[in-house]
Amino acid sequence: MTLTIALSKGRIFEETLPLLAAAGIVPAEAPESSRKLIIGTNRPDVRLVIVRASDVPTYVQYGAADLGIAGRDVLIEHGGAGLYQPLDLNIAKCKMMVAVENGFDYEAAVKHGARLKVATKYPQIAREHFAAKGVHVDIIKLYGSMELAPLVGLADAIVDLVSTGGTLKANNLQAVEHIIDISSRLVVNQAALKLKYDTIQPVLDAFAGAVPQ
Ligand SMILES: Nc1ncnc2c1ncn2[C@@H]1O[C@H](COP(=O)(O)OP(=O)(O)OP(=O)(O)O)[C@@H](O)[C@H]1O
Ligand SMILES: O=P(O)(O)OC[C@H]1O[C@H](OP(=O)(O)OP(=O)(O)O)[C@H](O)[C@@H]1O
């Protein structure tokens, strides 16, 4: 039975290579240099499908892929329906933060009960965070370059991923609140786990043994 694994290009693909290797899986080509969306491997029974990071849960949910790797950010926004999430892979680590332009008094704005305009690619996470704090917000959905929003008056604050802090610094922004720690997780289609147990379980075990510390 063929095993289909959904991965996104870039950091998740790079950081997944050692995990795949631990399961005896070596991609036939690199997605960065290939235009192919289905990539074979050294194992005739295993193929990779290359999708947008935020589409990984959807492919696995509907069984178009048996396994996938997705960030906790993406999984929260997706909702996780139909997905078994057996393993935190401890890769693509970063933090979900609230950030504002240097000089913007975030504490004062929150204390005074001002209605905040918040730009983000992660409306679910942002909404829950501010609801828990009792802060009223207008969420402005963006698909990238969140850091620009406060600089041009689109938003008072952003909710975005921060790793080195380099992007915030380069754009005169500062983090003011930590929301959650993010890493990527293995997701498995629940029906596939039953139907293809003999193929999937050894891959899960190999990944579990190769998770970076
Ligand atoms: N700077 C970062 N450092 C570490 N991990 C990150 C960083 N930015 C994002 N991630 C994690 O890696 C995952 C994939 O990020 P990537 O940049 O490859 O896709 P994306 O451009 O956010 O997604 P899409 O293509 O769906 O818009 C994110 O969902 C997140 O969990
Ligand atoms: O703290 P840093 O190390 O600077 O990382 C943070 C940046 O990384 C992510 O963007 P990414 O690199 O994925 O770019 P993209 O959203 O355009 O894909 C995130 O959206 C931030 O912009």
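Rules and cut-offs
- Residues numbered from 1 in each chain as written.
- Chains lettered and ligands numbered in written order.
- Predicted model: local features only at pLDDT ≥ 70, side-chain atom pairs only at ≥ 80, totals over all residues.
- Heavy atoms only, no water.
- Domains from an automatic or database assignment.
- Contact = heavy atoms within 4.5 Å.
- Buried area = accessible area lost by both parts, 1.4 Å probe.
- Salt bridge = Lys/Arg side-chain N within 4 Å of Asp/Glu carboxyl O.
- Helix = DSSP H or I, 4+ residues; strand = E, 2+ residues; numbered from the N terminus.
- Buried < 20%, exposed > 50% of the residue type's maximum accessible area, 1.4 Å probe, protein only.
- Near = heavy atom within 4 Å.
- Polar contact = N/O pair within 3.5 Å; in protein donor to acceptor, adjacent residues only side chain to side chain.
- Areas by Shrake-Rupley, 256 points an atom, 1.4 Å probe, with all protein chains shown as cover.
- 1 Å grid on protein atoms, 1.4 Å probe; cavity = no way out; pocket = protein on both sides within 12 Å on 5 of 7 lines; lining within 4 Å.
- Sits in = over half its atoms within 2 Å of the grid points.
- Expected span 1.5 Å × (residues − 1).
- Arc of directions from axis to C-beta.

## Digging into the domain arrangement of the chain
Phase 1: Parsing the chain into structural domains produces domain 1 (3-92 + 183-210) and domain 2 (94-181).
Phase 2: Once you take the C-alpha centre of each, domain 1 and domain 2 turn out to be 30 Å apart.
Phase 3: Contact with domain 1, which involves six residues of that partner, is made by nine residues of domain 2.
Phase 4: Taking both partners together, domain 1 and domain 2 bury about 670 Å²; carbon and sulfur atoms supply 56% of that area.
Phase 5: Per-residue buried area on domain 1 facing domain 2 is highest for D73, I76 and E77; these three make up 65% of the total on that side.
Phase 6: Here domain 1 is connected to domain 2 by zero salt bridges.

## Regarding unusual backbone geometry
Phase 1: A positive phi angle, close to 60 degrees, is found at N90, a residue other than glycine.
Phase 2: Its location among the elements puts N90 in the loop between β5 (83-88) and β6 (94-101).
Phase 3: The exposure class of N90 is partly exposed, given its relative accessible area of 23%.
Phase 4: One non-glycine residue with positive phi stands out, namely N172, at about 60 degrees.
Phase 5: Structurally, N172 can be placed in the loop between α6 (166-170) and β10 (173-182).
Phase 6: A relative accessible area of 38% places N172 in the partly exposed class.

## A few points about the pattern of salt bridges
Phase 1: With the rule as written, the count across this model stands at six salt bridges.
Phase 2: R43 is the partner of D45 in a salt bridge, and the nearest nitrogen-oxygen pair spans 3.2 Å.
Phase 3: Close ionic contact of R115 with D138 constitutes a salt bridge, the shortest N to O distance being 3.1 Å. Of the two residues, R115 sits in the loop between α4 (106-111) and β7 (116-120) while D138 sits in strand β8 (residues 137-141), which places them 23 residues apart along the sequence.

## Describing the site of ligand 2
Phase 1: If you check the shell around ligand 2, you find R11, E147, D160, L161, V162, S163, T164, G165, G166 and T167 and nothing else.
Phase 2: Here an oxygen atom of ligand 2 and a side-chain polar atom of E147 are 2.7 Å apart.
Phase 3: Between ligand 2 and T167, the relevant distance is 2.5 Å, taken from an oxygen atom to a side-chain nitrogen or oxygen of the residue.
Phase 4: Protein chains shield 60% of the accessible area of ligand 2, which is 500 Å² for the free molecule.
Phase 5: Comparing atom positions with the cavity grids shows ligand 2 to sit within the largest pocket.
Phase 6: At the level of elements, β9 (157-162) and α6 are the ones that each hand at least two residues to the shell around ligand 2.

## Topic: helix α8 (residues 197-210)
Phase 1: In a regular helix each residue adds 1.5 Å, so 14 residues correspond to 20 Å; α8 covers 20 Å between its end C-alpha atoms and thus fits that length.
Phase 2: Within the sequence span of α8, burial applies to T199, I200, V203, L204, A206 and F207. Buried residues along α8 cover an arc of 165 degrees about the axis, so they all sit on one side. Opposite its buried face, α8 presents the exposed residues D198 and G209, each directed more than 90 degrees away.
Phase 3: Looking at the buried side of α8, the elements it contacts are β1 (3-7), α1 (11-22), β4 (67-71), β5, β11 (184-189) and α7 (190-195).

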